[in-house]
Amino acid sequence: MKGYTSSALLLGPVLLSQLALAQQAPNGVVQWGIQKRPVPNAPHRLLRRAGSTYPVILQNAQARGGYFATCEMGTPGQKVTLQLDTGSSDVWVPESSASVCHQDAGCDLGSFDPSKSQTYTVVGEGEFDISYVDGSSSKGDYFTDVFKIGGATVTNLTMGLGAKTDIAYGLVGVGYAINEAIVGNSHSLNSQYPNLPVSMVDDGLINTIAYSLWLNDLDSSQGQILFGGIDTKKYKGDLTRIRIYPSSNGYYFSFIVALTSLQAISPSGNDTLTSEEFPIPVVLDSGTTLSYLPQDLAEQIWHEVGADYSSRLELAVIPCSKKTSNGYFSFGFAGPDGPRISVRMDELVLDLTSGSPPKYTSGPNKGQDVCEFGIQNSTSAPYLLGDTFLRSAYVVYDLVNNEIALAETDFNSTESNIVAFASMSATIPSATQAPNQAEVTNRPAATSPAFSASTGFNDGSGNGGEDENASSGMPSALGVAQMSVMGIAMVFTMIGSGVFVLL
């Protein structure tokens, strides 16, 4: 999750365009392809991140976590590859003269040279300033220029230019406009500007501020974000609408939904996992590689699968062989009648390093390859469901009606049937509202599960807690400072001092 740190804000309504909608693109949808791909020179971060439609192909950067897509900015266009982030709201790019672009591999995913664009205009000198909780940052000017994405052209998009940055690639933030860095820095809603989804409506490219996300499975190289519509061939079963929850001051600036149940299911049995935190506020965030749940719930999950917390690496690890386990987890949202998403173990067991996998050197897992587990622990809300969850879900984000729609993904689907949102404020196409969402506030008793599913997940290794073998059994070369970590997410938790409540 990308986001800035700020003090409390009085947040106002999301920017909504009231412009007439021109039919400038086929079917009213912008499709943007995203792909998994390595991120050169990425700083080592440990977590503590029928009108027009436009589809965009996404690249899956499995090696470091994240989904990227190529676009153009400026006149003539300069190609850059940017990370998609539903947890932030600014589009920004490193300036070609930034020092980070002249170190090691440089800005291999692209940078922007404003002197080469005929349409570049500075609109906020020195006002772009985004800082992340891991200490990284990007600072410079806000500017406007032409931005091309998925075959669509936004003529005058406001973006940030990272003149002083230690991040070697840019981002495409597609969250609520109220979440822009300048709003937090200025403490003023008047600083808010039309970000990418809003500008696409303003330019008549899509009918409403909404998009759908299909990341596909871990081994797939590509996924898709579809602005202004949904693709009914990319999911299975019913598409169900659920509430997005506001912060405690009543305003929306993050995609928080209610996680109300979690089951572990394997050939040996089923377990209902519980937590003192249910109902759990979770953010659906493509900018975070892993998922982060409350400590008590994470420990139950680790016990089920045989993962162990490594104090050396400060994360839960698991034998790589568990990727072929037949067990899975069923996530339930918005009460007993809400949507359920199944997440298999092959989406949760991730490579830990960029080279040959390290091995356990002692303990019950001695000799086995070490992998990173896709569900980690966190000590405070909001909790995060990142790419390790999102790959298993088809997700529609409706920023006008403040709703999310969920369905189980159809992995590696080769068919397509795109349906556009009919108009501004239209509800999500082909989706039904989850009933009885008022029951979200019912708190189940937090009890210890029987772990009857554990045998089906495991071969007897691991104990699902703090295991000295998970630390002392690691090769010494795996010290955090020495290792090249893959897939350890870049969480840049924002949200100022907003408090999220479901009660």
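Right above here is the structure, for reference.
Reading the values: the criteria
Residues numbered from 1 in each chain as written. Predicted model: local features only at pLDDT ≥ 70, side-chain atom pairs only at ≥ 80, totals over all residues. Heavy atoms only, no water. Buried < 20%, exposed > 50% of the residue type's maximum accessible area, 1.4 Å probe, protein only. Helix = DSSP H or I, 4+ residues; strand = E, 2+ residues; numbered from the N terminus. Pairing = 2+ DSSP bridges. Disulfide = S-S within 2.5 Å.

Teacher, can you tell me more about the pairing of strand β5 (residues 91–94) here?
On a regular strand, one side chain projects to one face of the sheet and the next to the other, so that they alternate. Residue alternation in β5 divides its side chains into two sets, Val91 and Val93 and Trp92 and Pro94, and both sets are buried. Across two bridges, the pairing between β5 and strand β9 (residues 171–173) is antiparallel. The residue bridging valine 91 from the neighbouring strand is valine 172, located in β9. In the sheet, β5 pairs with strand β8 (residues 152–165) via three bridges, with the strands oriented parallel.

When you look at the state of the cysteines in this model, what are you seeing that I'm missing?
Disulfides are covalent bonds that connect the sulfur atoms of two cysteines. Taken as a whole, this structure holds two disulfides when the rule is applied. Two residues, cysteine 101 and cysteine 107, share a disulfide whose sulfurs are 2.0 Å apart. Taking the sign of the torsion about the S-S bond as the criterion, the disulfide between cysteine 101 and cysteine 107, at about -80 degrees, is left-handed. Residue cysteine 101 is classed as buried on the basis of its relative accessible area, which comes to 13%. What pairs with cysteine 320 in a disulfide is cysteine 371, and their sulfur atoms sit 2.1 Å apart.

Would you mind going over unusual backbone geometry with me for this structure?
Backbone geometry follows two general trends: most residues other than glycine have a negative phi, and most peptide bonds adopt the trans configuration. In this structure, proline 76 follows threonine 75 across a cis peptide bond, with omega equal to -5 degrees. The omega torsion across phenylalanine 278 and proline 279 is -5 degrees, close enough to zero to call that bond cis. Turning to its location among the elements, proline 279 is positioned in the loop between β15 (269–273) and β16 (280–284). Here glutamate 314, not a glycine, exhibits a phi torsion of approximately 60 degrees, which is positive. With respect to the secondary-structure elements, glutamate 314 resides in the loop between β18 (308–310) and β19 (315–319). One non-glycine residue, serine 430, lies in positive phi territory at about 65 degrees. Mapped onto the secondary structure, serine 430 falls in the loop between β28 (418–420) and β29 (431–433). Here serine 430 falls in the partly exposed class, since its relative accessible area comes to 48%.

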